[in-house]
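# Overview (structure and organization)
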Amino acid sequence: MLTPVTTSPVLDFKFAALPQDPPGHSAALGHPLGLVRDRTPKPVRNPNLRGLQCLRCDALYPVTLTHDGCPACRREGIHVALRASYLPDSAELMPMPYTSSFALGEGQTPLQDMPELASQFGVARLAIKDESCNPTGSHKDRMTAVGVAQALDFDAHTLVLASSGNAAVSAAHYAWAAGLGCEVATYEGMPATYARQLDALGARRYVFSDNAGRWAFVRERSQHPGYFALTNYRLPALGSAPLAIEGYKPIALECVNEGGLPDHVVIPTARGDLAWGIYAGFRDLLAAGRIARLPKLWLVEPFPRLARVFAGGAINGSYPGHTAQFSTAGATVTYLQWQAATATGGGAVVVNDDEARAARRVLTAAGVSAELCAAGGLAALRQLRESNSIAADAHVVLMLTANATGDPSWPDRA
């Protein structure tokens, strides 16, 4: 007997695997929000997941729904996130928090070689890892999928997060498909294309004028039973939920499987979730003997933040700036992104909006649609070649986090 197919209420979204039922609204079922997820499979936690471990001092803590960083380091005045920690298992090339999880077809995105751009920018090989091919159009789906699995594992009923862009859209779709509630703390100027999707999916929007207000809201919600904070809610910033960030690790394996080990990976960066997840993936491959070295990770930012930390600034300082690179705005730096850059011998590259727009024109001419911060990666490559930080014989991968269709800065000025 065939199961009826339920389509998404947002027409420009396509599930890779359709949910059997949309969320219902029967309070009689006893769910705190009256949501039905009886048919959402319970994720299977990896038995080798032993806890969460400090990025700096290696102190081990139990896995919880909250992510407040390492208490031992905080007592020293250092704000450091935790990471997933696994028992050794020779059978696991790249351990993940859940061996059977919630998914909508995210991952396995194409790695597209760009020989003409490689020649134009003076490198031996240039490839674009196109994360716009994920279900909701951005890399955020990888993190959201694992975050939803953790929410289901811990019997949470609502995802809560601070985002006015790709993460909000991803969370709203995945929560809808899993039968979870979703609450999003946004900026006042959230692009209409994103707001319409959240409204259509039943996500609740709460509007704030700055990060402090958004994060305070998420932090308050996270203290209540059943709410799971997907993104950062601490100031100084720590980063998103540690298990969820693990969702980015497979990018490293996909790059190696599809195109061989790159010498450099160029990554648009706000607080470093994506960069650290990619670093962790390559670190796992190195530990398993699958690769002989780590590629250098270059974190691209629209104005100096991590660059100022490398110049001697405090890692928990505030480095405000204005940018049209919507997805990588913000004034904070995290230990996550500092570690991803330093552990691989990479660094921070500042690409302003005009440079990013010029790079987007080059990408558009090459048939590639990119959100502005992702186009900034190509401008960063130019800088790194000019400084000889990337050599002419290098193999480079650019992370295309999302295409231009949802970018409020698109189309560019003539």
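Reading the values: the criteria
Residues numbered from 1 in each chain as written. Predicted model: local features only at pLDDT ≥ 70, side-chain atom pairs only at ≥ 80, totals over all residues. Heavy atoms only, no water. Pairing = 2+ DSSP bridges. Helix = DSSP H or I, 4+ residues; strand = E, 2+ residues; numbered from the N terminus. Axes fitted to C-alpha atoms, helices over the stretch in contact; angles between N-to-C directions. Phe/Tyr/Trp six-rings, centres within 6.5 Å; stacked < 30°, edge-to-face > 60°. Buried < 20%, exposed > 50% of the residue type's maximum accessible area, 1.4 Å probe, protein only. 1 Å grid on protein atoms, 1.4 Å probe; cavity = no way out; pocket = protein on both sides within 12 Å on 5 of 7 lines; lining within 4 Å. Points joined across faces, edges and corners; volume = space filled by probe spheres on them. Nonpolar A, V, L, I, M, F, W, Y, C, P; charged D, E, K, R; others polar. Contact = heavy atoms within 4.5 Å. Polar contact = N/O pair within 3.5 Å; in protein donor to acceptor, adjacent residues only side chain to side chain. Salt bridge = Lys/Arg side-chain N within 4 Å of Asp/Glu carboxyl O.

Looking now at the sheet that holds strand 3 (residues 60-61). Strands in a sheet are paired, the pairing made by backbone hydrogen bonds, and the direction either parallel or antiparallel. On the basis of which strands lie adjacent, the open sheet formed by 3 strands has the order 3-2-4 and antiparallel pairing. Edge positions in the open sheet fall to strand 3 and strand 4 (82-86), since each of these has one partner strand only. Pairing geometry for strand 2 (residues 49-54) and strand 4, over 5 bridges, is antiparallel. Of the residues in strand 4, the one forming a bridge with L52 is A84.

Our focus in this paragraph is the sheet that holds strand 10 (residues 204-208). A sheet is described by the order of its strands in space; here 4 strands give the open sequence 10-9-8-11, paired in parallel fashion. Of all strands in the sheet, those with a lone pairing partner are strand 10 and strand 11 (227-229), marking the two edges. Averaged over all pairs of adjacent strands, the angle between strand axes in this sheet comes to 20 degrees, irrespective of strand direction. Here 5 bridges tie strand 8 (residues 158-162) to strand 9 (residues 181-187), and the two strands are oriented parallel to one another.

Here we take up the packing of aromatic side chains. Taken as a whole, this structure holds 5 aromatic pairs when the rule is applied. With 5.7 Å between their ring centres and 45 degrees between their planes, F208 and F217 make a pair best called tilted. Relative to Y279, the ring of W276 lies with its centre 6.0 Å away and its plane at 75 degrees, an arrangement referred to as edge-to-face. Taken together, the positions of W276 and Y279, both in helix 9 (residues 273-287) and 3 residues apart, correspond to about one turn of that helix. Of the two residues, W276 and Y279, both sit in the buried class. Joined through ring pairs, the aromatic side chains of Y206, F208 and F217 make up one cluster.

Attention now goes to the layout of surface pockets. In this structure, the largest pocket spans a volume of roughly 790 Å³. Along the walls of the largest pocket sit 39 residues, with R214, A270, R271, S327 and A329 positioned nearest its centre. Among the secondary structure elements, those contributing two or more residues to the lining of the largest pocket are helix 3 (140-153), helix 4 (166-178), helix 6 (211-222) and helix 9. At 4 residues, helix 6 tops the list of elements feeding residues into the lining of the largest pocket. Residues belonging to the lining of the largest pocket are distributed by class as follows: 14 nonpolar, 19 polar and 6 charged.

Before going further, it helps to examine the environment of R219. Among the structural elements, R219 can be located in helix 6. The class of R219 is partly exposed, set by a relative accessible area of 29%. Considered as a pair, R219 and T66 are 153 residues apart in the sequence and their alpha carbons are 9.1 Å apart. Leave out the neighbours within four places in its chain, and R219 touches Y233 and R234. Reaching out from R219, the side chain makes a polar contact with the backbone oxygen of Y233 at a distance of 2.9 Å.

A word on the pattern of salt bridges. Within the structure shown, the criterion is met by 21 salt bridges. In this structure, D284 engages R283 in a salt bridge whose closest nitrogen and oxygen atoms are separated by 3.6 Å. You can call D284 buried: its relative accessible area is 12%. For R357, the salt bridge identified is with D354, shortest N-O distance 3.3 Å. Note that R357 and D354 are positioned in helix 12 (residues 353-365) at a spacing of 3 residues, about one turn of the helix. Residue class for D354 comes out exposed when judged on its relative accessible area of 52%. What you see here is one network of salt bridges that share partners, running through K129, E131, R142, E254 and E258.

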